[in-house]
Each structure stands twice: as C-alpha cells, then as structure tokens.
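Chain residues, written in single-letter form:
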Amino acid sequence: MSRDEKRVSLVDSYLDHHVKTEEERRAILEQIRQNTVELQDEFHALQQPEYSSSAAIEKARQVIEQHVQVYSQELSERLRSVERENVDYLVHPGVNVTKMRMNPTYLDGIWHFVVASEDMELGTGFALDMLQEINKDGMTRPDEIVEMDGTEWNSIRVIEEFDRLLGKTILIRNVGLMSARNLREFEIILDRNDRSLLIIFIDTIEHLSWIFSRHRRFLEAFSAQFTAKSYTEKELLEYAVNYLDERDFALEEGAKGRLYREIRRIPLVTADGQKKKLAARLEVLMEHAQNRPIATRLKTFFAAKMDSEGRVLIRIEDFENR
C-alpha cells in the first residue's frame, strides 16, 4: 500500500467510526482540503528567494507544528463530543487516532495500559489501584508484579529476558529513559491480544507522546491510557462503602466516622495506591467483624449483627483490633 493509500485509509477509518451523517462527512473532507491548500500556500511562499535554506527549514517546521497542533485539537474536541460506548480515543499531535481508550470509565477487557503522571510515586500507586479495578471484569491477570525504572532496563535485553517476563505484570516507571533498542524490542513482543504477560508504562504525558510518535506499534498494543490522580476523602469513603457492600458488609454510623478519620490520614501520594491501601484495611475490618473475640461478642450481645439488607455490620469496636 502506497503512502497516499495509507493516508486515505486512515481518513476513511476515522470517518467510518466517528461520523454519523453524510453532511458531517463532507464537512470534514472539506476541512481537510482547506488545510491542505493552506499548507501548500505556505510552502509555495517558502520557495521565494528571500528565504535562506536554514530559514526555510525553520519556517516549515513552525508551519507544520502549528497546523498539526490546531487540527489535532479539533479532532480531540470532535472525538470528545462523540458518545460511543463510553470510550474516548487517544489523540496527540502527529499521532493518528487509535483504539487506545483515554481515561475510560468502562474498564472491562483492558490489558496492557499506560499511566500519565508528573509524579512517578503517584503514577505507580494509581497503576496498582487501576489493576485492582480492571480485575473486576473476571479476566485472569498475572498476580506477580515486577516494578522497575526505565534506566534499570538499559542493562537488560528485553528479548533475552522474555521468558522470565511471562506470567507477570511488568510495571515500568520513567519509561522514556529506556533505551531505543529496548523500546523497539517491547514493540516486537507486545500484542493487544497476548495474555501471557501484562505491561504498564508510567511517565509524563510529554514523554509518552514522544514514545508513541516514534514507536507507533504501542498505539495498537496498549488498551488504555489513564491520567494519574489523587483521590479525595469523599471518593475514598464512597469506594469503601461500595467495596464492603459488594462483599455483603456495611458500616455502622459510628464506624463510618471512624473510617473517615483513618482515610484522612492516608497520604495523598503513595506508591502503594490509595485504594489498595484502603482495601487492605477493609479486609482486616471485615475479618474482625466476622470473627469477633468472645469478650466483644458478649459486650455487644444485644446489638444486631446484620443490617436490614442482611449485610454484616462493622462496628467501631472492630477498629480496636489492629
């Protein structure tokens, strides 16, 4: 397939997936035509004698960057306005529309994924939280997690270590510091439908964009890109209530206040993940509520063990058992 045929194929693919009416299709094609004409006019101007070769190159670079940035922003806005199975597709300057989902709320079927974060500790914690969330879809994902920094991979050949990666979740921080050779080798081994290992890349949005622009196969291998966030106390309390409810447990009112105070002490940035840390605490509380010591059971003999919905109640006494 020629370069022009590939370009036409990409435009057709975008139009087929995201354009609902023939009128909108014609409008987009006209916009592409106008952008092309503007670029041609700019380059005709560059051929004038007053431009030296170095000045022409710099001018061309500025023109291309300007047009790509404007058009990419327009595509991003157009994609965000399209509701299609709660999915937003990744668009970066110079990068074609892909099937990588951007900050999806529907998490079923996600495998390899990317986390954009300015803080690697926050990004790591968020990635571990997302692993916990995507595992709710019932798919079996690798339990063993290997965490490494991009620089640590520079003394390792990915292809040579491939057998040792199988059956693991590989979390790589500062992936932009990895050698170009290893990035190319990861491109070779990663496949969107391969379930023999799970790869998570963590880096700043600038570094990730740079990687995607030079290693295009990643755009097809990764299922989703998330932007790392620190959860508010309210969000964590809601998460705790839902987590317990899914397991047929509930908090008494006093216990809810006590848990909220504990949540306020969870660090905003943690490499363990805020949700993961909270879930571990909830597991302990559930165990205490289910198997209270005899002294506690006698003390609360006349108190209901279940609520009206048949959920085991977690009481404030359960917090005393560390």
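Procedures and definitions
- Residues numbered from 1 in each chain as written.
- Predicted model: local features only at pLDDT ≥ 70, side-chain atom pairs only at ≥ 80, totals over all residues.
- Heavy atoms only, no water.
- Helix = DSSP H or I, 4+ residues; strand = E, 2+ residues; numbered from the N terminus.
- Buried < 20%, exposed > 50% of the residue type's maximum accessible area, 1.4 Å probe, protein only.
- Polar contact = N/O pair within 3.5 Å; in protein donor to acceptor, adjacent residues only side chain to side chain.
- Expected span 1.5 Å × (residues − 1).
- Arc of directions from axis to C-beta.
- Contact = heavy atoms within 4.5 Å.
- Core = buried A, V, L, I, M, F, W, Y, C linked by side-chain atoms within 4.5 Å.
- Salt bridge = Lys/Arg side-chain N within 4 Å of Asp/Glu carboxyl O.
- Axes fitted to C-alpha atoms, helices over the stretch in contact; angles between N-to-C directions.
- Parallel < 35°, antiparallel > 145°, perpendicular 65-115°, else oblique.
- Left-handed = near helix turned anticlockwise from the far one by under 90°.
- Pairing = 2+ DSSP bridges.

**Observations concerning the environment of glutamate 152**
Looking at the element boundaries, glutamate 152 is found in the loop between strand E3 (145-149) and helix H5 (162-165). With relative accessibility at 39%, the residue glutamate 152 sits in the partly exposed group. Considered as a pair, glutamate 152 and methionine 178 are 26 residues apart in the sequence and their alpha carbons are 8.0 Å apart. There is a polar contact of 2.8 Å between the side chain of glutamate 152 and the backbone nitrogen of aspartate 149.

**Brief notes about helix H10 (residues 253-264)**
Look at H10: 17 Å from first C-alpha to last across 12 residues, which is about the 16 Å you get at 1.5 Å a residue. Looking only at H10, the buried set comprises Ala255, Arg258, Leu259, Glu262 and Ile263. Looking straight down H10, one finds its buried side chains confined to an arc of 145 degrees; they lie on one side. Residues of H10 that are exposed and angled more than 90 degrees away from the buried face: Glu253 and Arg264. Residues of H10 that are buried make contact with helix H9 (233-246), strand E7 (249-251), helix H11 (274-290) and strand E8 (312-314).

**Some words on the side chain of glutamine 274**
Considering the arrangement of structural elements, one finds glutamine 274 in helix H11. For glutamine 274, a relative accessible area of 4% gives the class buried. Those residues in contact with glutamine 274, other than ones at most four positions away along the chain, are Asp129, Lys229, Ser230, Tyr231, Leu236, Ile266, Pro267 and Leu268.

**Digging into the side chain of histidine 112**
Summarising the element assignment, histidine 112 is placed in the loop between strand E1 (101-102) and strand E2 (113-116). Among the polar contacts listed, one links the side chain of histidine 112 to the backbone oxygen of aspartate 191, at a separation of 3.4 Å. At 3.0 Å, the side chain of histidine 112 forms a polar contact with the backbone nitrogen of isoleucine 199.

**Things to note about the nonpolar core**
Phe113, Ile200, Leu259, Leu278 and Ile314 are the most contacted members of the largest nonpolar core, which has 42 residues in total. For this core, the element with the most residues is helix H4 (residues 120-134), which contributes eight residues. Setting aside anything within four residues of it in sequence, one finds leucine 259 in contact with Leu237, Ala240, Leu251, Leu278, Leu282, Leu285 and Phe319.

**Some details on the pattern of salt bridges**
Enumeration over the complete set of coordinates arrives at 15 salt bridges. Put simply, arginine 247 and glutamate 283 hold a salt bridge, and the shortest N to O gap is 3.8 Å. Placement of the pair is arginine 247 in the loop between H9 and E7 and glutamate 283 in helix H11, with a sequence separation of 36 residues. Connected through shared salt-bridge partners, Glu133, Lys136 and Lys275 make up one network.

**Quick look at the packing of H9 against H11**
At a minimum axis separation of 10 Å, H9 and H11 run at an interaxial angle of 45 degrees. By the angle class used here, H9 and H11 are oblique. For the pair H9 and H11, the crossing hand works out as right-handed. Here Leu236, Tyr239, Ala240, Tyr243 and Leu244 of H9 come into contact with H11, specifically with Gln274, Lys275, Leu278, Ala279, Leu282, Glu283 and Met286.

**Re the sheet that holds strand E4 (residues 169-173)**
What the six strands build is an open sheet, ordered E1-E6-E2-E5-E4-E3; its pairing is parallel. With partners counted over all chains shown, the strands left at the sheet margins are E1 and E3, one partner each. In this sheet, E4 lies alongside E3 in parallel orientation, the contact comprising five bridges. Each residue of the ladder has a partner; that of aspartate 149, found in E4, is arginine 173.

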